[in-house]
Amino acid sequence: MAKYVPPKQSKLGQIFDVIVLLVLIIGALRLPLLLGMAGGSKVSAPVADPTWETLKQSPAMVEKWNALGITDPASVNEMITARYDYWAFSTLELLVMIVVVIGYFVLVVRFSNVEYKEVIAEKFGDRK
Amino acid sequence: MAKASQAAAPAVEKISLLRVLGPAHVWALGVGIVLVGEYMGWNFGVGKGGAYAALIACWFAGLLYTCVAMIDSEVTSTVAAAGGQFTQAKHIVGPLMAFNVGLYLVFAYTMLEAGNAITIGFLVDTVANMAGHSGIDQRPFIILSIMFLAWLNYRGVLATLNFNLVITAIAFIAVILLFFGVAPWSADSPLKHADLMAGDAALPYGWIGVVAAMHFGLWYYLGIEGTTQAAEEVRSPARALPFGTMAGIITLLIAATLTWYVCAGLMPWEYLGQAGVPLFDAGRLSGSTTLMVLLGIGTLFSTLASANGCINDASRAWFGMGRDHYLPAWFGAVHPKFRTPYRSIIFLVPVALVFALGAPLDQVITFSILSGLLEYTFMPINVILFRKKWPLDTIKRGYVHPFHPLPALVLLALCAVTYFAVFLGYGTQLIAMVGFYIVVSLWFHFWRYRFVKRGDQFTMPWPRPRGY
Amino acid sequence: MDIWNYLEYAAWILSVVFGLYILIDWFKVDSTYSEELLTSSREGELEAMTEKHKL
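As the structure is a computational prediction, the values presented were derived from the model and not from experiment.

Next up on the list: the overall build of chain B. The secondary structure content of chain B amounts to 17 helices and 0 strands. At 22 Å, chain B has a C-alpha radius of gyration in line with the 23 Å of a compact globule built from 468 residues. For chain B, the C-alpha atoms occupy an extent of roughly 70 × 45 × 40 Å along the three principal directions. Counting only residues that meet the buried cut, chain B has 71% of its 468 residues in that class. Here the analysis covers contacts within chain B between residues at least 6 apart in sequence; of these, 84% occur between residues at least 24 apart. With the model as given, the accessible surface of chain B reaches about 12700 Å², and the carbon-plus-sulfur share is 70%. Chain B carries 27 positive and 21 negative side-chain charges, and their two centres are separated by 16 Å.

This is the structure in structure tokens:
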């Protein structure tokens with residue numbers, strides 16, 4: 001098999017590729033943050049009249065809250081009542097996730113294999 | 001074979017990374033990166049499922065990482081080059097996989113580094129508040145920690161990892177001392193497990209909370225696989241890497257269990273589940289000023305050690321990709337005096353800063369965990385293909401992991417559970433992240449790969465893979 | 001102004017010092033040495049010498 005000689009990349013091209021990558025990296029990581037897509041979906045349901053009792057904190061727990069420097073139950077009303085709603089997802093979302101993750105790995109492994117065959121053929125010569 | 005030894009003959013003057021590290025440095029690199037997971041972050045798992053859920057997640061994640069360490073040790077003891085899993089993927093699965101793995105590494109470590117810097121800022125703020133100064137500007141401390149460590153890494157790997165060895169050891173000892181300090185065996189111990197985990201507080205979400213907690217369960221250990229990044233700088237990689245990695249996993253299992261035990265006995269789960277510096281809080285609640293100061297120092301040291309190791313690993317992976325022209329060749333440069341991949345180190349500083357200064361901690365951590373998770377999913381594929389293309393009798397391995405393919409299948413199953421765990425509560429972030437990897441994969445396959453030499457990527461002196 | 005304010009300024013100044021050190025050294029190295037020498041590291045060279053993969 002003929003040896004593949006890659007084109008030499010110009011300085012400008014190198015810089016351009018770095019910029020593309022930077023935009024992709026920052027974009028992929030910052031966009032979900034900006035669109036509010038990242039982060040946990042925790043909602044708190046503060047109780048109307050927060051006391052340690054209504055917040056269901058036992059005396060031992062109250063002792064620890066106090067030790068942490070928190071003596072006013074109202075100040076941790078939101079923290080204590082915040083909950084994830086795990087059952088809120090739809091089956092469709094779950095299916096989308098499964099398809100995306102598996103599809104991604106299938107894509108990568110298949111494309112890799114195509115490239116890998118070329119590498120092996122050039123390194124070790126064509127099959128006898 | 002002949003080709004590799006020809007390349008080794010110094011025809012022209014060349015510079016490369018330095019082989020100066022021993023097994024203790026490997027341990028320091030691995031544990032140094034990860035131990036911070038005990039000082040912050042793991043406790044978000046308590047928030048996702050309660051204290052018991054976090055413990056179960058801790059052990060299942062321990063099992064996951066034992067599989068990771070076994071598989072990784074076998075492959076690494078054979079493929080020893082900077083870039084670690086990146087180089088493994090290139091030789092075993094193929095170039096596109098390697099490109100993706102390289103990015104997983106860079107992201108997992110750079111995001112972890114950003115998380116560490118955020119924690120340092122938070123710690124300074126907490127201490128300043130306790131000293132009666134409110135409203136301190138956290139930014140200079142975040143920037144300083146990143147700049148200082150970048151400088152240290154720039155100046156050379158031996159000093160960097162010696163520094164890590166010392167501060168990691170101190171942070172680990174602090175956890176042990178805390179455990180003895182709260183004296184769980186005595187009657188007046190401040191630990192109140194039974195009271196704090198009674199009734200609803202035991203498993204606030206039921207069993208699905210246990211699954212959800214797996215998400216942050218990874219955080220107890222995330223990054224231990226980074227030991228392989230040092231392969232090109234270790235004096236005897238085939239022995240030092242498996243040894244350092246296994247010793248690291250054992251250290252972490254001990255530290256993780258002790259941390260959970262002390263923290264769950266000192267704080268209500270609602271507080272623990274969102275705490276920024278849980279072990280420091282535990283030190284405060286222990287009632288001993290000495291312990292509080294010690295754990296404060298431990299938090300600072302563990303975050304520094306971790307960010308330090310992250311800069312080291314991320315820059316090696318980026319460097320490895322530059323050297324192969326997966327990225328612009330410019331990044332493949334070695335500093336002629338310090339022998340470090342200096343341009344890669346510089347490039348990653350602003351990336352880390354962007355996230356350290358502008359993103360919430362749990363989300364930065366989730367980015368890091370997701371990249372790690374994708375990497376662990378790659379590992380079973382990697383080892384199964386490795387055994388298929390080069391069966392045991394074809395090349396010499398420094399370490400052969402037992403019960404193949406059981407560890408690979410267990411790892412795959414645990415990864416599947418963890419994807420679901422991340423999906424619970426952080427689903428959109430997961431899909432956005434995988435979407436990014438699909439886009440860059442297409443970019444690489446259809447554009448970037450044209451600049452890569454083909455046969456030359458295969459640098460190991462191995463025979464032709466079976467079936468090709 | 002208390003000690004924490006001074007610490008803030010100290011952190012800013014030190015950040016700039018470390019940053020400048022890296023930048024200056026970077027430009028010095030890049031202008032002193034040739035690009036061929038700087039990017040002459042190759043994967044697996046030492047590996048080929050120190051580890052034997054023959055059974």
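Counting its secondary structure elements, chain A contains 4 helices and 2 strands. In sequence order, the secondary structure elements of chain A are arranged as α-β-α-α-β-α. Over its C-alpha atoms chain A spans a radius of gyration of 28 Å, topping by over 25% the 14 Å that the globule rule assigns to 128 residues. Each principal axis of the C-alpha distribution contributes one length, and for chain A these read about 80 × 35 × 30 Å. Counting across all 128 residues of chain A, residues that qualify as buried make up 36%. Within chain A, residue pairs in contact and separated by at least 24 positions form 62% of the contacts whose partners lie at least 6 positions apart. Just so you have it, chain A exposes about 7600 Å², and 67% of that area is on carbon and sulfur atoms. On chain A, the mean spot of the 13 positive side-chain charges and the mean spot of the 12 negative ones are 16 Å from each other.

What follows concerns the interface of chain B and chain C. At the junction of the two partners, chain B supplies 60 residues and chain C supplies 38 residues. Of the roughly 4300 Å² buried between chain B and chain C on both sides combined, carbon and sulfur atoms contribute 65%. Here chain B is connected to chain C by 2 salt bridges. Linking chain B to chain C there are 14 residue pairs in polar contact (both at pLDDT 80 or more). Of all the secondary-structure elements, those providing two or more residues to the side of chain B that touches chain C are α1 (2-8), α5 (85-92), α6 (95-130), α7 (139-155), α11 (237-266), α14 (289-323) and α15 (342-356) of chain B. Ranked by residue count, the leading element in the side of chain B that touches chain C is α7(B), at 11 residues. Grouping the amino acids of the side of chain B that touches chain C by side-chain chemistry returns 37 nonpolar, 10 polar and 13 charged.

A word on the pattern of salt bridges. A complete count under the given rule lists 12 salt bridges over all chains for this structure. Several salt bridges converge on common partners, so that one network encompasses K3(A), E122(A) and D456(B).

Our next topic: the interface of chain A and chain B. Listed per partner, the contact involves 71 residues of chain A and 100 residues of chain B. Around 7600 Å² of area is buried between chain A and chain B when both sides are counted, 72% of it from carbon and sulfur atoms. Its largest share of buried area at the contact with chain B, chain A owes to Y86(A), Y104(A) and Y116(A), together 10% of the area lost on that side. Close ionic contact of R454(B) with E118(A) constitutes a salt bridge, the shortest N to O distance being 2.5 Å. Along the contact surface separating chain A from chain B lie 22 residue pairs in polar contact (both at pLDDT 80 or more). Grouping the amino acids of the side of chain A that touches chain B by side-chain chemistry returns 45 nonpolar, 10 polar and 16 charged.

Take a nonpolar patch on the surface next. There is a patch of nonpolar side chains on the surface, built from V16(C), L20(C), L23(C), I24(C) and F27(C) and spanning about 470 Å² of accessible area. With respect to the helices, strands and loops of the structure, L20(C) is situated in helix α1 (residues 3-32).

Let's shift gears to the domain arrangement of chain A. Annotation of chain A at the domain level lists domain 1 (11-40), domain 2 (42-87) and domain 3 (89-128). Relative placement of domain 1 of chain A and domain 2 of chain A: their C-alpha centres are 39 Å apart.

This next bit is on the arrangement of the chains. By contact count, the leading pair among the 2 pairs of chains in contact is chains A and B. Contact between chain A and chain C is absent, and the least distance between their C-alpha atoms amounts to 12 Å.

With that out of the way, let us pick up the packing of helix α4 (residues 51-76) of chain B against α11(B). Residues and elements named next belong to chain B. Look at α4 against α11: their axes get within 10 Å of each other, and the N-to-C directions meet at 175 degrees. Classified by the angle their axes make, α4 and α11 are roughly antiparallel. Residues that form the contact of α4 with α11 fall into these classes: 17 nonpolar, 6 polar and no charged.

Quick notes on the rules
- Residues numbered from 1 in each chain as written.
- Chains lettered and ligands numbered in written order.
- Predicted model: local features only at pLDDT ≥ 70, side-chain atom pairs only at ≥ 80, totals over all residues.
- Heavy atoms only, no water.
- Helix = DSSP H or I, 4+ residues; strand = E, 2+ residues; numbered from the N terminus.
- Rg over C-alpha atoms; globule rule 2.2 N^0.38 Å.
- Buried < 20%, exposed > 50% of the residue type's maximum accessible area, 1.4 Å probe, protein only.
- Contact = heavy atoms within 4.5 Å.
- Areas by Shrake-Rupley, 256 points an atom, 1.4 Å probe, with all protein chains shown as cover.
- Lys, Arg positive; Asp, Glu negative; His and termini not counted.
- Charge placed at Lys NZ, Arg CZ, Asp CG, Glu CD.
- Buried area = accessible area lost by both parts, 1.4 Å probe.
- Salt bridge = Lys/Arg side-chain N within 4 Å of Asp/Glu carboxyl O.
- Polar contact = N/O pair within 3.5 Å; in protein donor to acceptor, adjacent residues only side chain to side chain.
- Nonpolar A, V, L, I, M, F, W, Y, C, P; charged D, E, K, R; others polar.
- Patch = residues over 30% accessible without salt bridge, like charges linked within 9 Å, V, L, I, M, F, W, Y side chains within 5 Å.
- Domains from an automatic or database assignment.
- Axes fitted to C-alpha atoms, helices over the stretch in contact; angles between N-to-C directions.
- Parallel < 35°, antiparallel > 145°, perpendicular 65-115°, else oblique.

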